[in-house]
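Coordinate inspection notes
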Amino acid sequence: MAAEQSMQAPATASGDTRIHNIGYRSYDGPRLGRSYARFSLYSQSLRGSYGLGRSVKSKVLPMLLFVVMCVPAAIMVAVAVATKANDLPVDYTRYAIVMQAVISLYVASQAPQSVSRDLRFKTVPLYFSRPIETADYVRAKFAALASALFILTAAPLLVLYIGALLAKLDFTDQTKGFAQGLVSVALLSLLFAGIGLVIASVTPRRGFGIAAVIAVLTITYGAVSTLQAIADVQSSGDAIAWIGLFSPITLIDGVQSAFLGATSAFPGGVGPSNAEGVVYVLFTLGLIAASYGLLMRRYKKVGL
């Protein structure tokens, strides 16, 4: 007791004892809300798709693939100008089909970068602690990757278009072809972004995500092309169009050959009819919607 009294004595003897309020001050600034947070996540994800704001190492592959997409277009333009050709070597709608391997590699590298790291480091619940919801996160990521893919696929078309005008090719024909090409790559961007994000969102391991995206995009295309070639050899031409429904790149090929005046890459150069083209459009839009739905379902569980 004596010890306690001696310890308490200085406190009771001092009349200057004070309690300082060192708590957090309330925020009086503007509340920007969900739309600002959603746009910030979109812009950050879009920049990240090309390594902007990240390390130099992260910029190498996306920038290299962008250059690889544009260089053949520049070479074609140079040849057209030098030879005074009457048309470009490759149609605007055909360019993405020819370069589909580069596009698939870009999706495989950037879809896991967009979502797998958030899963691996368990940062998704932190996003949802802010004024955004599951739909905001999914829309921002989906839109960002689709925009990045559109930039990747539309840039070489712009190079072709500018080169065609410099070569003094017919303005009306080139403008029409350029517009058709933009519609085609916009649809391709949405489809590939949705498929890539769904696959990448399954695993937090970026390497597994890359391998899975490459496998799905390349194996389906190889299998469909092989089956179409077999059907062509066996004179089963009616089956070629229906087989094309089972690969993303042949889906886009079928849509643009049916409605955008493109030359089909199917065996024999014969694409789907108008009726079959409607099925292609519905199937493509259904896959995009299904990808969005699967992402919503996935992130409702992840955000818990």
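The structure reproduced in this document is the subject of the present report.

Each value, and the rule that gives it
Residues numbered from 1 in each chain as written. Predicted model: local features only at pLDDT ≥ 70, side-chain atom pairs only at ≥ 80, totals over all residues. Heavy atoms only, no water. Helix = DSSP H or I, 4+ residues; strand = E, 2+ residues; numbered from the N terminus. Buried < 20%, exposed > 50% of the residue type's maximum accessible area, 1.4 Å probe, protein only. Areas by Shrake-Rupley, 256 points an atom, 1.4 Å probe, with all protein chains shown as cover. Lys, Arg positive; Asp, Glu negative; His and termini not counted. Charge placed at Lys NZ, Arg CZ, Asp CG, Glu CD. Axes fitted to C-alpha atoms, helices over the stretch in contact; angles between N-to-C directions. Parallel < 35°, antiparallel > 145°, perpendicular 65-115°, else oblique. Left-handed = near helix turned anticlockwise from the far one by under 90°. Contact = heavy atoms within 4.5 Å. Nonpolar A, V, L, I, M, F, W, Y, C, P; charged D, E, K, R; others polar. Phe/Tyr/Trp six-rings, centres within 6.5 Å; stacked < 30°, edge-to-face > 60°.

On to the overall build of the protein chain. The helix and strand inventory of the protein chain stands at twelve helices and zero strands. Ordering the α and β elements of the protein chain from the N terminus gives α-α-α-α-α-α-α-α-α-α-α-α. In terms of its C-alpha atoms, the protein chain occupies a principal-axis envelope of roughly 105 × 45 × 30 Å. In the protein chain, buried positions account for 42% of the 304 residues. Roughly 16,500 Å² of accessible area belongs to the protein chain as shown, and the carbon and sulfur atoms make up 65% of that amount. Within the protein chain, the 14 negative side-chain charges are centred at a point lying 11 Å from the centre of the 25 positive side-chain charges.

Quick look at the packing of helix H5 (residues 100–120) against helix H7 (residues 134–166) now. Contact geometry of H5 with H7 gives a least axis separation of 11 Å together with a crossing angle of 155°. The orientation of H5 with respect to H7, classified from their angle, is roughly antiparallel. Viewed along their axes, H5 and H7 form a crossing whose handedness is right-handed. Residue-level contacts link Ile103, Tyr106, Val107, Gln110, Ala111, Ser114, Val115 and Asp118 of H5 to Tyr137, Lys141, Leu145, Ala148, Leu149, Leu152 and Thr153 of H7. Here the residues of the contact of H5 with H7 are counted per class, giving ten nonpolar, three polar and two charged.

This part is about the packing of aromatic side chains. Tallied over the entire structure, the rule returns six aromatic pairs. Seen from their ring centres, Phe39 and Tyr42 are 6.2 Å apart, and the 40° between their planes marks the pair as tilted. Taken together, the residues Phe39 and Tyr42, both in helix H2 (residues 33–48) and three residues apart, mark about one turn of the helix. Taking relative accessible area as the criterion, Phe39 reaches 53% and is therefore assigned exposed. Seen from their ring centres, Tyr161 and Phe178 are 4.6 Å apart, and the 10° between their planes marks the pair as stacked. Taken together, the residues Tyr161 in helix H7 and Phe178 in helix H8 (residues 171–200) connect sequence positions 17 residues apart.

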